Amino acid sequence: MASEAIENYLKAIYSLSRESPTGEAGMKAIATLTGVTVGTASTMVKRMAGAKLAKYERFGGVRLTARGERAAIDVQRRHRLIETFLVETLKLDWSIVHAEAERLEHAISSVVLEALDIHLHHPSVDPHGDPIPGPDGKIRTERGAALSTFAPGSKIRVARITDQGPAFLSFIAEHGLRPGTKAIVAATESAAQSITVHASGYAAVTMAVAAAESIICESA
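The rules behind each value
Along each chain, residues carry numbers from 1 onward, in the same order as the chain's sequence is written. Where local features are concerned, this predicted model is filtered to residues with pLDDT of at least 70; where side-chain atom pairs are given and counted, the filter is 80 or more; whole-chain, interface and lining totals use all residues. Hydrogens and water molecules were not included; the side-chain quantities draw on all heavy atoms of the structure. Throughout this description, buried means an accessible area under 20% of the type-specific maximum (1.4 Å probe, protein chains only), exposed means over 50%, and partly exposed covers the range between. The helix and strand labels rest on DSSP assignments: H or I over at least four residues marks a helix, E over at least two residues marks a strand, and numbering proceeds from the N terminus. Whether two strands pair depends on DSSP finding at least two bridges between them. Helix axes are fitted to C-alpha atoms over the stretch in contact, other axes to C-alpha atoms as well, and angles between N-to-C directions run from 0 to 180 degrees. Throughout this description, any angle smaller than 35 degrees is read as roughly parallel, any larger than 145 degrees as roughly antiparallel, any in the 65 to 115 degree range as roughly perpendicular, and the remainder as oblique. Crossing handedness is read from the near helix: turned anticlockwise from the far helix by less than a right angle, it gives a left-handed crossing, and turned clockwise, a right-handed one. Contacts were defined at the residue level, with two residues in contact if any of their heavy atoms lie within 4.5 Å. Nonpolar residues are Ala, Val, Leu, Ile, Met, Phe, Trp, Tyr, Cys and Pro. Charged residues are Asp, Glu, Lys and Arg, and all others, Gly as well, are polar. Any two rings among Phe, Tyr and Trp, with Trp reduced to its six-membered ring, count as a pair given centres within 6.5 Å; such a pair is stacked if its planes are under 30 degrees apart, edge-to-face if over 60, and tilted if neither. It is the directions from the helix axis to the C-beta atoms that the arc portrays.

## Remarks on the pairing of strand β6 (residues 194–199)
Successive side chains on a regular strand alternate, one facing one side of the sheet and the next facing the other. Burial within β6 is extensive, with 5 of its 6 residues counted as buried. Pairing of strand β5 (residues 182–189) with β6, which is carried by 6 bridges, proceeds in the antiparallel orientation. When the sheet's bridge partners are listed, isoleucine 184 is paired in β6 with histidine 198. Once β5 ends, the chain turns through 4 residues before running back antiparallel as β6, passing glutamine 193 with a positive phi of about 55 degrees. Sheet topology places β6 next to strand β7 (residues 205–208); 4 bridges connect them, and they run antiparallel. Each bridged residue has a counterpart across the sheet, and for valine 197 the counterpart in β7 is valine 205. Joining the antiparallel neighbours β6 and β7 is a turn of 5 residues, in which glycine 201 adopts a positive phi near 85 degrees.

Right, here's the structure in full:
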């Protein structure tokens, strides 16, 4: 049942399930993430259930089966290794590689994928800090907390960027807040719902707390 559409649904359900406290993905959220109507998403999920890739109940959430989860992780591995290759080897800007990887992930063979992994020296994370699943399907536990949760004076290291829209990634890069960068939380303003952070070698920048929630950090 492998197809570009199925693989996109697998990724969406896997991502939403991991973020959900119930471990399930809602049909409306699946539709939004895949860019279709709820009716179209429901039809596809029924097909996936018939293929033993997902389980769902009417008016309930959607879960991947063990088989579906393995397939989703495989797509995620392809996507993140391709992003890493595009940035590290082809030197493309990190703000555009997500869309490019979306196109390439469905066509790359397992032989080429493993060659990429070797060429890149088996990276553990992609350019945005997302963990890259291993060939055995194991994935590193994601660590850190949103930048918005750190108090003024905290020394931090940027670990991951969850908003991978081109505009946000360009903004992050402009202020030196890429994964691996060390910074200091200079100030927070509850009334204005803003936070000011100062990355080493860059001018301090003030951003909305909502934006800071997309920057995952660890104590440095």
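And the narrative resumes.
## With respect to the packing of helix α1 (residues 4–19) against helix α2 (residues 27–34)
α2 packs onto α1 with a crossing angle of 130 degrees between their chain directions and a minimal axis gap of 10 Å. In terms of orientation, α1 and α2 fall into the oblique class. In terms of crossing hand, the pair formed by α1 and α2 is right-handed. Note on element contacts: α2 touches α1 through Ala29, Ile30, Leu33 and Thr34, opposite Asn8, Tyr9, Ala12, Ile13 and Leu16. Here the residues of the contact of α1 with α2 are counted per class, giving 7 nonpolar, 2 polar and no charged.

## What to know about the packing of aromatic side chains
Tallied over the entire structure, the rule returns 1 aromatic pair. Here the aromatic rings of phenylalanine 168 and phenylalanine 171 are separated by 6.2 Å at their centres, their planes lie at 35 degrees, and the arrangement is tilted. With phenylalanine 168 and phenylalanine 171 both in helix α7 (residues 166–174) and 3 residues apart, the pair spans about one turn of that helix.

## Focus: the pairing of strand β4 (residues 155–161)
The element β4 is largely enclosed, with a buried count of 5 among its 7 residues. As paired elements, β4 and β5 share 3 bridges and run antiparallel to each other. Counterpart to lysine 155 in the pairing with β5 is isoleucine 184. The sheet contact formed by β4 and strand β8 (residues 215–219) spans 5 bridges and is antiparallel.

## Structural notes on the packing of helix α4 (residues 66–88) against helix α5 (residues 97–104)
In contact at an axis separation of 9 Å, α4 and α5 are set at 125 degrees when each is read in the N-to-C sense. Compared by their axis directions, α4 and α5 come out oblique. Crossing geometry of α4 relative to α5 is assigned as right-handed. Contacts from His79, Ile82, Glu83, Leu86 and Val87 in α4 reach Val97, His98, Glu100, Ala101, Glu102 and Leu104 in α5. Tallied by class, residues from the contact of α4 with α5 come to 6 nonpolar, 2 polar and 3 charged.

## Observations concerning α7
What α7 keeps buried is the set Phe168, Leu169 and Ile172. What you see down the axis of α7 is that its buried residues fit within an arc of 100 degrees, all on one side. Seen from the buried face of α7, the exposed residues on the opposite side, beyond 90 degrees, are Ala167 and Glu174. Downstream of α7 by one or two residues, glycine 176 has phi in the positive range, about 70 degrees.

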